[in-house]
Amino acid sequence: MTTGALTDEALLALPKAELHLHIEGTLEPELAFELAARNGVDMPYATVEELSAQYDFDDLQSFLDLYYATMAVLLTRGDFAELTRRYLRRAHAQGVRHVELFFDPQAHTARGVAFDDVVDGIGDALDEAERDFGMSGALILCFLRDQPVASADEALTAGLARMDRIIGVGLDSAEVGYPPSLFESVYARARAAGLHSVAHAGEEGPPAYVWEALDLLHVERIDHGIRSIEDAELVARLAEERIPLTVCPLSNVRLQATPDLRDHPLLRLDAAGVAVTVNSDDPAYFGGYAGQNFTAVRDALGLTEEQARRLARTSIEGSFASPERKRALLAELEGWRP
Ligand code: ADE
Ligand code: ZN
């Protein structure tokens, strides 16, 4: 047992699973320019500094506009492998031992990139990380909720042929005005095929979207879910059913969902018995990877050893890793000494 604040080193070393990470959101400006030059793609900004200066967001949509524009530099299997390789190295250095990463296939196939090049590129890097530093990982295919349901259906059809790599489906992009109920049939098909399911809900959207994700999509985890705090009955249900929330504190600050981290509901949800976890969402855009989200929470909200350990334990238990893998990760966590 330590007294005093947990150090940066301790929180970066804390063995954890990352359950809310958009691989396209790990595209750092430096790599974006490298790939643009290699692929002959025009960048709307002249320098890394000019691009980085755009990372001042008013809301989710203002971020998404830049996110979709910048990912235009990702064209080949090798590009997706390099992107993922760089993320995995950084994540590993911040204690991430297992990652279930989101990808947005519709944003790539719409540009003429082959679905399999995306999956295989990411998969190549996951294989290397497993071999080189014992990290485990898998893919979750996200549907863009602001695109037609027929397009999600097509993405699912492509995904069902790649269940060697893809373990689940998710729902992301602009939330308000695109309720989970729109995707009920797509999720039913995914679940019938044996895929896990999660959905973004309650990031900017109301608690009603979290209810829909649970009752209509039958998801196993909620991504973000922070607005659940506004609905006591929902909080009680999440706690009772041990539905994990994959919370992303720095993202919520940068996208103005919780402009001041000191007001963040993470630890209030934890105190209410909700299975909260800490994740990085789009770390290249929001100022920090997984470990840095933990240190930011410590600085703004305070974090005891017991709370840090519980957040990490919940991330492992709430993952879709095999029972053996979970046991190994939990044993590693037991050995963590801050
Ligand atoms: N796509 C990438 N990041 C996202 C987020 N935070 N919310 C919704 N869609 C996203
Ligand atoms: Zn997200």
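A. Inspection of the overall build of the protein chain at higher detail. Counting its regular elements, the protein chain contains 17 helices and 8 strands. Compactness check: the protein chain gives a C-alpha radius of gyration of 19 Å against a globular reference of 20 Å for 338 residues, within 12% of the reference. Considered along the principal axes of its C-alpha atoms, the protein chain spans approximately 55 × 40 × 40 Å. A total of 338 residues make up the protein chain; the buried ones form 57% of that total. Once local pairs closer than 6 in sequence are excluded, the contacts in the protein chain between residues at least 24 apart make up 77%. Carbon and sulfur atoms provide 50% of the accessible area of the protein chain, an area that totals close to 12800 Å². One way to put it: in the protein chain the 30 positive side-chain charges average out to a point 7 Å from where the 56 negative ones average out.

B. Representation of the coordination of the zinc ion (ligand 2) within the structure. Only His 20 (NE2), His 22 (NE2), His 200 (NE2) and Asp 281 (OD) from the protein coordinate the zinc ion (ligand 2), and they sit 2.0 to 2.2 Å from it. Here the zinc ion (ligand 2) binds 4 donor atoms, and the angle range of 83 to 174° at the metal identifies the geometry as irregular. Donor residues for the zinc ion (ligand 2), ordered by position in the chain, follow H-x1-H-x177-H-x80-D. Placement of His 200 in strand 5 (residues 196-201) and of Asp 281 in the loop between strand 8 (276-278) and helix 14 (283-286) is noted, with a sequence separation of 81 residues between them. According to the relative accessible area criterion, Asp 281 is buried, its value standing at 2%.

C. Highlighting helix 16 (residues 305-317). Look at helix 16: 18 Å from first C-alpha to last across 13 residues, which is about the 18 Å you get at 1.5 Å a residue. Within helix 16, the full set of buried residues consists of Glu 305, Gln 307, Ala 308, Arg 309, Leu 311, Ala 312, Thr 314, Ser 315 and Ile 316. The elements touched by buried residues of helix 16 are helix 1 (8-13), strand 1 (16-18), helix 13 (266-271), strand 8, helix 15 (290-301) and helix 17 (323-334).

D. Here's a closer look at the site of ligand 1. As a matter of local geometry, ligand 1 sits amid His 22, Leu 60, Phe 63, Leu 64, Tyr 67, Asp 172, Ser 173, His 200, Glu 203, His 224, Asp 281 and Asp 282. A distance of 3.4 Å separates a nitrogen atom of ligand 1 from a polar atom in the side chain of His 22. Against a free-state accessible area of 260 Å², the protein chains account for coverage of 100% of ligand 1. The dominant element in the shell around ligand 1, judged by the number of residues it contributes, is helix 4 (residues 60-70), at 4 residues. Residues of the shell around ligand 1, tallied by class, amount to 4 nonpolar, 4 polar and 4 charged.

E. The packing of aromatic side chains, seen in detail. This model, assessed by the stated rule, comprises 12 aromatic pairs. Between the aromatic rings of Tyr 87 and Tyr 289, the centroid separation amounts to 6.4 Å while the plane-to-plane angle is 25°, which identifies the pairing as stacked. One end of the pair, Tyr 87, is in helix 5 (residues 77-93); the other, Tyr 289, is in the loop between helix 14 and helix 15, and 202 residues separate them in sequence. The class for Tyr 87 is buried, based on a relative accessible area of 1%. Taking the relative accessible area as the measure of exposure, Tyr 289 reaches 5% and is therefore buried. By way of ring pairs, the aromatic residues Tyr 55, Phe 57, Phe 63, Tyr 67, Tyr 68, Tyr 285 and Phe 286 are connected into one cluster. The ring of Phe 294 carries the charged tip of Lys 16 above its face, separated from the ring centre by 5.3 Å. Over the aromatic face of Phe 320 sits the side chain of Arg 221, whose NZ or CZ is 4.1 Å from the ring centroid.

Calculation notes
- Residues numbered from 1 in each chain as written.
- Chains lettered and ligands numbered in written order.
- Predicted model: local features only at pLDDT ≥ 70, side-chain atom pairs only at ≥ 80, totals over all residues.
- Heavy atoms only, no water.
- Helix = DSSP H or I, 4+ residues; strand = E, 2+ residues; numbered from the N terminus.
- Rg over C-alpha atoms; globule rule 2.2 N^0.38 Å.
- Buried < 20%, exposed > 50% of the residue type's maximum accessible area, 1.4 Å probe, protein only.
- Contact = heavy atoms within 4.5 Å.
- Areas by Shrake-Rupley, 256 points an atom, 1.4 Å probe, with all protein chains shown as cover.
- Lys, Arg positive; Asp, Glu negative; His and termini not counted.
- Charge placed at Lys NZ, Arg CZ, Asp CG, Glu CD.
- Donors = N, O, S within 2.8 Å, 3.2 Å for Na, K, Ca; no water.
- Tetrahedral: all angles 85-135°; square planar, octahedral: opposite > 155°, others 65-115°.
- Expected span 1.5 Å × (residues − 1).
- Near = heavy atom within 4 Å.
- Polar contact = N/O pair within 3.5 Å; in protein donor to acceptor, adjacent residues only side chain to side chain.
- Nonpolar A, V, L, I, M, F, W, Y, C, P; charged D, E, K, R; others polar.
- Phe/Tyr/Trp six-rings, centres within 6.5 Å; stacked < 30°, edge-to-face > 60°.
- Lys NZ or Arg CZ within 6 Å of the ring centre and 35° of its normal.

Geometry only, nothing functional implied.
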